[in-house]
Amino acid sequence: MAGALGARYLAGMAEIRRAGLDLASLRGSAPVEWRVSEAPIPYTAALAAMEARANAIAAGEACELVWLLEHPPLYTAGTSAKPDELIEARFPVHHVGRGGQFTYHGPGQRVAYVMLDLRRRKPDIRAFVATLEEWIIRTLAAFNVRSERREDRIGVWVRRPDKGADREDKIAAIGIRVRKWVSLHGIAINVEPELAHFSGIVPCGVSDARYGVTSLADLGLPVSMTEVDMVLRQEFEALFGAAQPWRQTVGNTANATP
């Protein structure tokens with residue numbers, strides 16, 4: 001997010017943090033469907049499936065969904081992306097309706113698309129984003145990673161004193177869209193992606209040389225995606241309420257889109 005929109009967002013998040021986050025405010029009563037795709041999902045297919053599911057949730061025709069997946073290497077450009085922040089289009093570039101700027105998705109990065117009905121939970125986008133941040137922070141803490149929010153930068157960050165004073169790296173990104181009070185898009189945690197792939201963009205518009213990108217593997221933590229998924233579900237349920245695994249039915253496959 002950039003310009004006036006980004007400034008309003010950051011100011012609003014600072015206000016929430018000063019007031020204290022009500023961690024129970026986003027909990028739902030009905031279980032959320034929890035789906036994990038093992039094979040990489042093409043971005044256009046994921047986007048179409050996510051939008052269709054969000055429409056069905058808004059119409060009361062489907063339950064809420066959290067969808068964990070990986071993508072083939074690609075860049076996405078949010079609504080605040082600037083052309084000069086695309087340094088080299090090494091991979092396909094997808095312009096999408098989520099907030100934020102340029103980001104990278106690829107193998108080794110856990111993407112979680114979160115489709116929740118905020119009308120039934122709490123129609124407060126700032127509180128929703130703050131709770132997504134808390135979800136990431138709690139998940140990383142389970143692997144002994146101390147990650148933090150920043151009032152002047154979006155995402156979740158870790159301090160890197162090994163790289164020098166005031167150095168920090170981004171380990172997780174957040175980018176959402178809300179339509180008819182149903183959320184789309186979500187979060188991305190760097191488990192073991194190829195960090196060099198981020199060099200084709202200015203990630204999330206942060207160009208300050210003090211701030212880079214990292215991953216669990218880069219921090220010396222050889223964590224599997226399955227382990228990350230287990231903790232993600234545990235911490236999601238603590239913040240948002242119960243989740244139930246997707247049940248395969250006749251005609252579906254293990255990696256079918258929602």
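**Q** Explain the nonpolar core to me, please; I cannot follow it from the model alone.
**A** If you look at the biggest cluster of nonpolar residues, it comprises 38 residues, and the most contacted ones within it are Phe 128, Leu 132, Trp 135, Ile 187 and Phe 236. Counting residues per element, the ones that place at least two in this core are strand 1 (32–36), strand 2 (65–69), strand 6 (109–115), helix 4 (125–141), strand 8 (153–159), strand 9 (168–179), strand 10 (182–190) and helix 5 (225–240). At eight residues, helix 4 tops the list of elements feeding residues into this core. Sequence-distant contacts of Trp 135, that is, excluding residues within four places in its chain, are made with Trp 34, Val 66, Ala 112, Val 114, Ile 187, Leu 232, Glu 235, Phe 236 and Leu 239. Ala 49, Ala 58, Tyr 113 and Leu 184 belong to the second-largest nonpolar core, a separate cluster that totals 20 residues.

**Q** In this structure, what is going on with the packing of helix 4 against helix 5? I would like to understand it.
**A** Packed helices, taken two at a time, are described by their axes: the angle between them and the distance between them. Helix 5 packs onto helix 4 with a crossing angle of 140° between their chain directions and a minimal axis gap of 9 Å. As far as their axial angle goes, helix 5 and helix 4 are oblique. The crossing of helix 4 and helix 5 is right-handed. In this structure, helix 4 contributes Phe 128, Thr 131, Leu 132, Glu 134, Trp 135, Arg 138 and Thr 139 to the contact, and helix 5 contributes Val 228, Val 231, Leu 232, Glu 235, Phe 236, Ala 238, Leu 239 and Phe 240.

**Q** What is the right way to read the confidence of the model for the chain from this model?
**A** Do not read the fine detail of predicted coordinates wherever pLDDT is low. Per-chain confidence: the chain averages 88 in pLDDT, with 86% of residues scoring 70 or above. Across residues 1–19, where pLDDT falls below 50, the model places 34 contacts with residues more than four positions away in sequence or in other chains. Ignoring residues within four places in sequence, the model shows residues 248–254, a span with pLDDT below 50, making six contacts including any to other chains.

**Q** Would you explain the sheet that holds strand 5 (residues 102–105) in this entry?
**A** Taken in spatial order, the three strands of this open sheet run 4-3-5, and their pairing is mixed. A single partner strand is all that each edge strand has here, and the edge strands are strand 4 (93–95) and strand 5. Averaged over neighbouring strand pairs, the angle between their axes works out to 25° when direction is ignored. Direction of pairing for strand 3 (residues 74–77) relative to strand 5: antiparallel, over a ladder of four bridges. Each bridged residue has a counterpart across the sheet, and for Tyr 75 the counterpart in strand 5 is Tyr 104.

**Q** For this particular structure, what's the right way to read helix 4?
**A** Each turn of an α-helix holds 3.6 residues, which means side chains three or four residues apart point in the same direction. The terminal C-alpha atoms of helix 4 lie 24 Å apart, and with 17 residues this matches the ideal 24 Å at 1.5 Å per residue to within 8%. The element helix 4 is largely enclosed, with a buried count of 13 among its 17 residues. The opening residue of helix 4 is Asp 124, an N-cap whose side-chain oxygen sits 3.2 Å from the backbone nitrogen of Arg 126.

**Q** Just to check I follow, could you spell out the side chain of Glu 235 for this structure?
**A** Here Glu 235 shows up in helix 5. The side chain of Glu 235 sits in the buried core without any salt bridge; Arg 138 is the nearest counter-charge, 4.1 Å away. Beyond its immediate stretch of four places on either side in the chain, Glu 235 contacts Trp 135, Arg 138 and Thr 139.

**Q** When you look at the packing of aromatic side chains in this model, what are you seeing that I'm missing?
**A** How two aromatic rings sit relative to each other is set out by the distance from centre to centre and by the angle between their planes. Counting across every chain of the model gives 11 aromatic pairs. Taken together, the ring pairs connect Trp 34, Phe 128, Trp 135, Phe 236 and Phe 240 into an aromatic cluster. We note Arg 153 situated over the ring of Trp 157; from NZ or CZ to the ring centre the distance is 4.6 Å.

**Q** Mind showing me how you'd approach the pairing of strand 3 here?
**A** In summary, the side chains of a regular strand alternate between the two faces of the sheet. Residues Leu 74 and Thr 76 point to one face of strand 3 and Tyr 75 and Ala 77 to the other, with burial holding for every one of them. Bridge analysis of strand 3 against strand 4 gives three bridges, and the strand direction is parallel. Each bridged residue has a counterpart across the sheet, and for Thr 76 the counterpart in strand 4 is His 94.

**Q** Would you explain the environment of Ala 127 in this entry?
**A** Looking at where Ala 127 falls in the secondary structure, it is placed in helix 4. The class of Ala 127 is buried, set by a relative accessible area of 5%.

Thresholds applied
- Residues numbered from 1 in each chain as written.
- Predicted model: local features only at pLDDT ≥ 70, side-chain atom pairs only at ≥ 80, totals over all residues.
- Heavy atoms only, no water.
- Core = buried A, V, L, I, M, F, W, Y, C linked by side-chain atoms within 4.5 Å.
- Buried < 20%, exposed > 50% of the residue type's maximum accessible area, 1.4 Å probe, protein only.
- Helix = DSSP H or I, 4+ residues; strand = E, 2+ residues; numbered from the N terminus.
- Contact = heavy atoms within 4.5 Å.
- Axes fitted to C-alpha atoms, helices over the stretch in contact; angles between N-to-C directions.
- Parallel < 35°, antiparallel > 145°, perpendicular 65-115°, else oblique.
- Left-handed = near helix turned anticlockwise from the far one by under 90°.
- pLDDT = per-residue confidence, 0-100.
- Pairing = 2+ DSSP bridges.
- Expected span 1.5 Å × (residues − 1).
- Polar contact = N/O pair within 3.5 Å; in protein donor to acceptor, adjacent residues only side chain to side chain.
- Lys, Arg positive; Asp, Glu negative; His and termini not counted.
- Salt bridge = Lys/Arg side-chain N within 4 Å of Asp/Glu carboxyl O.
- Phe/Tyr/Trp six-rings, centres within 6.5 Å; stacked < 30°, edge-to-face > 60°.
- Lys NZ or Arg CZ within 6 Å of the ring centre and 35° of its normal.

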